[in-house]
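A closer look at the structure
Spelled out, the chains give:
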Amino acid sequence: MKVRKAVIPAAGLGTRFLPATKAIPKEMLPVVDKPTLQYVVEEAVESGIEDILIILGRHKTSIEDHFDRSVELELELQKKEKEDLLKTVRSISDLANIHTVRQKEPKGLGHAVLKAERFVGDEPFAVLLGDDVVYHEGDPCLKQLIDAYETHDASILGVQTVPREDVVKYGIVDGEQVDERLYTVNGLIEKPGVEEAPSNVAVLGRYVISPDIFPVLKKTPPGKGNEIQITDALLTLSEKRSMYAYDFKGRRYDVGDKQGFLQATVEFALRDPSLKESFKEYLRSLKL
Ligand code: G1P
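Conventions adopted
- Residues numbered from 1 in each chain as written.
- Predicted model: local features only at pLDDT ≥ 70, side-chain atom pairs only at ≥ 80, totals over all residues.
- Heavy atoms only, no water.
- Salt bridge = Lys/Arg side-chain N within 4 Å of Asp/Glu carboxyl O.
- Helix = DSSP H or I, 4+ residues; strand = E, 2+ residues; numbered from the N terminus.
- Buried < 20%, exposed > 50% of the residue type's maximum accessible area, 1.4 Å probe, protein only.
- Arc of directions from axis to C-beta.
- 1 Å grid on protein atoms, 1.4 Å probe; cavity = no way out; pocket = protein on both sides within 12 Å on 5 of 7 lines; lining within 4 Å.
- Points joined across faces, edges and corners; volume = space filled by probe spheres on them.

1. Some remarks on the pattern of salt bridges
In total, this model carries 21 salt bridges according to the counting rule given. Note that R4 and E50 form a salt bridge whose closest N and O atoms lie 3.6 Å from each other. Note that R4 is positioned in the segment before β1 (5-10) and E50 in the loop between α1 (36-46) and β4 (51-56), a separation of 46 residues in sequence. Taking the relative accessible area as the measure of exposure, R4 reaches 27% and is therefore partly exposed. With its nearest N and O atoms 3.6 Å apart, the salt bridge here joins K5 to E123. Highlighted residues: K5 in strand β1 and E123 in the loop between α6 (117-120) and β6 (125-128), separated in sequence by 118 residues. Since its relative accessible area comes to 12%, E123 is described here as buried. Through salt bridges with shared partners, one network takes in K2, R4, K5, E50 and E123.

2. Describing helix α9 (residues 230-240)
Within α9, the full set of buried residues consists of I230, T231, A233, L234, L237 and S238. Angular distribution of buried residues about the axis of α9 spans 160°; they occupy a single face of the element. Exposed side chains of α9 directed beyond 90 degrees from the buried face belong to E239 and K240.

3. Regarding the layout of surface pockets
Looking at the largest pocket, its volume works out to about 1000 Å³. Taken together, 39 residues form the lining of the largest pocket, with R16, K26, L109, D131 and K191 sitting closest to its centre. When contributions to the lining of the largest pocket are tallied by element, the ones reaching two or more residues are β1, α5 (109-114), β11 (201-209), α9 and β13 (251-254). Top element by residues in the lining of the largest pocket is β11. It accounts for 4 residues.

Without other data, these values stay purely geometric and don't point to any function.
Okay, structure coming up:
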């Protein structure tokens, strides 16, 4: 079945970015000139997704406003004959059908995804985490995973290898490599210690999941951090049906972390034709 729907959990408190996130959601912090969430929405749309459900927490209005039309702003830009900006602003609201729902209590990623049950219905769906922005010149990360889903008719986790000391930050796959980019999922563990990690193959915020995850999620007890973890539900599902991890092509940034956010800012600026040369010159001039 075609993957048409995506879920983007955006209900986190963004404590790693306080005080910036005191009054605005972390997903609205801009990398160059776009909120990080827009990069994620664009990846979904470029991967063929038609409907997106954003799971919101506090401070939800700026996210809703960003993906909605802004009639006053459009009129003003029209009056001033700023055609390029007008096009940019309009294109955001035309990206996809964006729906929102609110997660009232922060009970974890698994709990957030469960809020999407009605929206998803009986179809396979994608999950994209807002902290992970992936840049790739060819097929976007999600498109690569959707293709793998369609080939193998099984849930797919987007993974890359990470330095051994970083396994503590991710869901880690215990798998067997069956192809250049494909692993079977034989086990999964959320943020293991360095010693207990079965590998350094980490789930990096992209999933294509079959809808039979929902009954499993309902029965999944709180795990790591006393939160309902999507990783635990996926482990249970993998014990019933085959599941794969796909080592996607692309440069992934952890924009939920200051260092990753700064790297994304510098690298996206260097890719922007209107900034590239002057910004490079500025970086070279820094006597570090
Ligand atoms: C979440 C998931 C984890 C995954 C990570 C990717 O953790 O629980 O399995 O590896 O995203 O960024 P979080 O970073 O939200 O704590």
